[in-house]
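Overview (structure and organization)
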Amino acid sequence: MQLSGVGIWSSQLRYGDPAVAAEAAAELEELGYAAVWIPDVGGPVFDAVDNLLRATERIVVATGILNLWMHEPSDVAARYASLTGTHGNRFLLGIGVSHAPLIDAGDPGRYRKPLAATRAYLDALDALDRPVPAEARVLAALGPKMLHLSATRAGGAHPYLVTPEHTATARAALGDGPLLLPEQTAILTTDAGEARSIGTDWLRSYLQLPNYANNILRSGFTQEDVDTVSDRLFDAIIAWGDEEAILRRVAEHRAAGADHVCVQVLEADPQAFPREQWRRLAAALA
């Protein structure tokens, strides 16, 4: 699968009303976006993928990411074969190891050795009679070891909550061949106070997860930046402003080596589909 351009990363497409999600996906395809990305914290994620694929004809539907602790490899491979058999080569399987506080909450001690767990999961997928092809899967990757695994055992990497500087580091680690598909969070407002009102608590919730906090620290930020959600950190992770400001950040990722950038738009109501913002960005892209 070759994936370029700009996509949309959306929790609403995964957890919102399925009929509205299908309608929104069809519009995103017409607006020219290359892919839609949905998260997974368990549950019927493949039903959501199927819903979006049925509503569209060309756009790629990707998991960003499928939580490997919550899905058996045999079930994943069977659903992958069914979905691609029905809808063609439009499903990109993003796989990730998630975070210890989420996995251990229901089963203390289950989350351990994330790199080894990811490698074992890929081994299990590869051992099946109908495996998920390596080129049809990407890995959630932030640090050098997981990026190396993304380059050698998958079609590339899907880093989340990262800066263009991290994208440059990831491209150097991956080399020229594998796909690099970072997520970029965005808020369409030119009011700094409004942007921080919308995004600060959202960002703080992610910074409580060690994998993200450690990557932020590796990227040159301080513990104080993390603890206070400093303006410097906020502005580096979340692109805010008008359409041109958002697209400048996307262009920075592309210049740093990204093949495709998936934009996650935040607004005041986290449950609402940000369809007007998606339209505004599409018009600016065009």
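Everything numeric in this text was worked out from a predicted model, so none of it was measured. (Residues numbered from 1 in each chain as written. Predicted model: local features only at pLDDT ≥ 70, side-chain atom pairs only at ≥ 80, totals over all residues. Heavy atoms only, no water.)

The subject of this paragraph is the side chain of T56. Following the sequence through the fold, T56 ends up in the loop between helix 3 (45–55) and strand 3 (60–63). Since its relative accessible area comes to 6%, T56 is described here as buried. Residues contacting T56, with those up to four places away along its chain left out, are A25, A26, E29 and R90. (Helix = DSSP H or I, 4+ residues; strand = E, 2+ residues; numbered from the N terminus. Buried < 20%, exposed > 50% of the residue type's maximum accessible area, 1.4 Å probe, protein only. Contact = heavy atoms within 4.5 Å.)

What follows is about helix 13 (residues 243–256). When the terminal C-alpha atoms of helix 13 are compared, their 20 Å separation across 14 residues agrees well with the 20 Å that a helix rising 1.5 Å per residue should span. Immediately beyond the C-terminal end of helix 13, within one or two residues, lies G257, with a positive phi of roughly 125 degrees. (Expected span 1.5 Å × (residues − 1).)

Let us look at the packing of helix 8 (residues 164–174) against helix 13. Interaxial distance between helix 8 and helix 13 falls to 8 Å at its minimum, and their mutual angle equals 20 degrees. With respect to their mutual orientation, helix 8 and helix 13 come out roughly parallel. The hand of the helix 8/helix 13 crossing is right-handed. Contact residues: P164, T167, A168 and R171 in helix 8; R249, E252, H253 and A256 in helix 13. (Axes fitted to C-alpha atoms, helices over the stretch in contact; angles between N-to-C directions. Parallel < 35°, antiparallel > 145°, perpendicular 65-115°, else oblique. Left-handed = near helix turned anticlockwise from the far one by under 90°.)

Next up on the list: the side chain of E29. Turning to its location among the elements, E29 is positioned in helix 2 (residues 18–31). An unpaired buried charge is present at E29: no salt bridge exists, and R58, the closest side chain of opposite charge, is 4.1 Å distant. Engagement of the side chain of E29 in a polar contact is seen with the backbone nitrogen of E57, the distance being 2.9 Å. Contact partners of E29, with chain neighbours within four places excluded, come to T56, E57, R58 and I59. (Lys, Arg positive; Asp, Glu negative; His and termini not counted. Salt bridge = Lys/Arg side-chain N within 4 Å of Asp/Glu carboxyl O. Polar contact = N/O pair within 3.5 Å; in protein donor to acceptor, adjacent residues only side chain to side chain.)

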